[in-house]
Amino acid sequence: MTTLSSTTPMPDETDVPNVLSPRALMWRKFKRHKIAYLSLWLVGLIYLMALIGPFLAPGDAADTNRRAIFQPPQGIHFMVDDADGGRSFKLHAKQMKMQIDRSTMRRSYAADPEKIIPLGFFVRGAEYEVLGLFKSDVHLFGPVNAKDKVYFFGADRLGRDMMSRIIIGTKVSMSIGLVGVAVSLVVGVALGGISGFYGGWIDNLIQRLIEFLRSIPTIPLWMGLAAAIPLGWPPLRTYFVVTLIVSMIGWTSLAREVRGKFLAMRDEDFIIAARLDGLTDWEVIRKHMVPNFSSHIIASLTLAVPLMILAETSLSFLGIGLQPPIISWGTLLKEAQNIRSIVEAPWLLIAPGAMIVVAVLTLNFLGDGLRDAADPNAH
């Protein structure tokens with residue numbers, strides 16, 4: 001019989017191998033996906049803009065100006081001419097002078113070199129509420145004099161600042177994706193899990209329901225449901241109804257993915273062992289089955305958010321979604337429905353369209369990165 005001598009070194013805690021958790025492994029793989037990692041930061045900035053939009057907006061999104069109808073975007077200038085002939089640094093924008101052609105009654109704008117609008121950071125402007133807690137009138141960037149108007153992204157047909165409206169509209173357009181995905185998550189995981197776990201006639205019933213919903217043309221379905229919304233409803237109630245309409249189709253694809261996972265796992269050894277231990281069906285689903293593909297659900301939901309945003313944009317653009325005075329990227333694109341607006345004011349289409357493209361692309365890249373990181377077979 002051998003015994004350990006007093007000189008035998010005891011195992012040190014530092015010799016124990018560092019075993020990473022599944023989340024840590026997923027995060028390490030995700031950071032290697034450079035585009036997805038950059039997209040994560042961009043998505044965070046977009047949602048930060050949605051959260052503190054009034055602070056970032058240079059003006060009041062609802063303020064109209066008859067003398068700035070279809071005014072083109074104003075640039076930012078850094079140098080001004082001094083009285084002694086030199087030049088000095090000063091942030092400013094050129095004042096725009098409107099002229100009307102009497103023969104065609106069309107407006108034209110030209111920069112007035114004699115008049116400038118000083119710009120600065122943390123300036124006073126239109127009053128707004130901060131997260132519904134208190135009021136403030138401090139804006140990150142804008143004209144130093146609150147009475148001056150600057151249109152960095154141009155103005156619309158009522159002389160409203162497009163930049164401020166795009167920033168304020170971020171809150172509705174980006175949150176409707178989150179709310180719609182939350183509804184799809186609950187319905188999709190619940191019905192898909194029940195369908196895959198129990199099978200039989202329950203599976204057939206749920207799958208036939210999914211096939212029926214997916215066979216209905218999307219636009220006519222949305223038009224019929226949106227037509228049922230009373231015109232007198234307040235904007236907030238209309239917002240939630242449109243969110244539910246967008247979510248009615250979004251849950252079907254997630255439900256089928258969850259069903260497939262449940263069908264693959266319900267006969268696994270660890271599921272059978274959990275049942276033999278006396279766990280109820282709900283406990284088996286909640287503690288063993290859902291956590292095993294939660295990362296896949298997160299990736300699928302991330303890819304579903306841009307689809308929700310595009311659906312809201314399409315509904316609002318067609319006039320069957322959100323309506324003014326609600327500001328969203330879809331309602332802003334509706335301003336560019338006629339040829340005259342596109343010809344005379346192309347920024348009405350370019351500015352909100354660019355925001356939609358950036359948001360959708362970054363969310364898709366983020367979803368691709370999460371999906372690759374969640375796949376245990378990916379390298």
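Owing to the predicted nature of the structure, the values given are computational and were not obtained by experimental measurement. (Residues numbered from 1 in each chain as written. Predicted model: local features only at pLDDT ≥ 70, side-chain atom pairs only at ≥ 80, totals over all residues. Heavy atoms only, no water.)

Asks: Looking at this structure, I do not really get the overall build of the chain. What am I missing?
Replies: When its secondary structure is counted, the chain shows 13 helices and four strands. With the C-alpha coordinates of the chain rotated into their principal frame, the extents come out at 105 × 70 × 40 Å. When burial is assessed residue by residue, the chain has 38% of its 379 residues classed as buried. Put simply, of all contacts in the chain between residues at least 6 apart along the chain, 64% involve residues at least 24 apart. Counting only carbon and sulfur atoms, one obtains 63% of the accessible surface of the chain, whose full area is about 22,000 Å². Averaging the locations of the 37 positively and 32 negatively charged side chains of the chain gives two centres separated by 7 Å. (Helix = DSSP H or I, 4+ residues; strand = E, 2+ residues; numbered from the N terminus. Buried < 20%, exposed > 50% of the residue type's maximum accessible area, 1.4 Å probe, protein only. Contact = heavy atoms within 4.5 Å. Areas by Shrake-Rupley, 256 points an atom, 1.4 Å probe, with all protein chains shown as cover. Lys, Arg positive; Asp, Glu negative; His and termini not counted. Charge placed at Lys NZ, Arg CZ, Asp CG, Glu CD.)

Asks: Please clarify how the packing of helix α2 (residues 34–51) against helix α4 (residues 162–198) should be interpreted in this entry.
Replies: The packing of two helices is summarised by the inter-axis angle and the distance between the axes. At a minimum axis separation of 7 Å, α2 and α4 run at an interaxial angle of 115 degrees. Considering only the axes of α2 and α4, their crossing is left-handed. Between α2 and α4, the residues in contact are Ile 46, Tyr 47, Met 49 and Ala 50 and Ile 167, Thr 170, Lys 171, Met 174 and Leu 178, respectively. Taken together, the residues of the contact of α2 with α4 sort by class into seven nonpolar, one polar and one charged. (Axes fitted to C-alpha atoms, helices over the stretch in contact; angles between N-to-C directions. Left-handed = near helix turned anticlockwise from the far one by under 90°. Nonpolar A, V, L, I, M, F, W, Y, C, P; charged D, E, K, R; others polar.)

Asks: Where do I start with the packing of aromatic side chains in this structure?
Replies: Using the criterion set out here, one finds eight aromatic pairs in the structure. Here Phe 197 and Tyr 198 contribute two aromatic rings whose centre-to-centre distance is 5.0 Å and whose plane-to-plane angle is 85 degrees, an arrangement assigned as edge-to-face. Note on Phe 197: relative accessible area 4%, which makes it buried. According to the relative accessible area criterion, Tyr 198 is partly exposed, its value standing at 43%. The rings of Trp 27, Phe 30 and Tyr 37 are connected pair by pair, giving a single aromatic cluster. (Phe/Tyr/Trp six-rings, centres within 6.5 Å; stacked < 30°, edge-to-face > 60°.)

Asks: Would you mind showing me how to read the sheet that holds strand β4 (residues 134–143) here?
Replies: Two pairing modes exist for strands in a sheet, parallel and antiparallel, and in both the strands are linked by backbone hydrogen bonds. Ordered by their spatial adjacency, four strands build an open sheet running β1-β2-β3-β4, and the pairing between neighbours is antiparallel. The open sheet terminates on both sides in strands that have one partner only, identified here as β1 (77–81) and β4. Sheet twist, expressed as the average angle between the axes of neighbouring strands with direction ignored, equals 60 degrees. (Pairing = 2+ DSSP bridges.)

Asks: Which parts of the structure should I look at to understand a positive patch on the surface?
Replies: A surface patch of like charges, here positive, comprises Arg 28, Lys 31, Arg 32 and Lys 34. If you tally residues by element for the positive patch, the top one is helix α1 (residues 22–32), at three residues. With respect to the secondary-structure elements, Lys 31 resides in helix α1. (Patch = residues over 30% accessible without salt bridge, like charges linked within 9 Å, V, L, I, M, F, W, Y side chains within 5 Å. Salt bridge = Lys/Arg side-chain N within 4 Å of Asp/Glu carboxyl O.)

Asks: Explain the nonpolar core to me, please; I cannot follow it from the model alone.
Replies: One recurring pattern in soluble globular proteins is that nonpolar side chains are buried together. Formed by 68 residues in total, the largest nonpolar core has its most connected members in Ile 166, Met 174, Val 242, Phe 262, Met 289, Trp 329 and Leu 348. Counting residues per element, this core draws most heavily on helix α13 (residues 347–374), which supplies 12 residues. (Core = buried A, V, L, I, M, F, W, Y, C linked by side-chain atoms within 4.5 Å.)

Asks: Hey, could you run me through the packing of α2 against α13 in this one?
Replies: Close contact between α2 and α13 brings their axes to 8 Å; oriented N to C, the two are set at 135 degrees. Comparing the axis directions of α2 and α13 gives the class oblique. Of the two elements, α2 crosses α13, and the hand of that crossing is left-handed. Between α2 and α13, the residues in contact are Ile 35, Ala 36, Ser 39, Leu 40, Leu 42, Val 43, Ile 46 and Met 49 and Met 355, Val 358, Ala 359, Thr 362, Leu 363, Phe 365, Leu 366 and Gly 369, respectively. Partitioned by chemical class, the residues of the contact of α2 with α13 number 13 nonpolar, three polar and no charged. (Parallel < 35°, antiparallel > 145°, perpendicular 65-115°, else oblique.)

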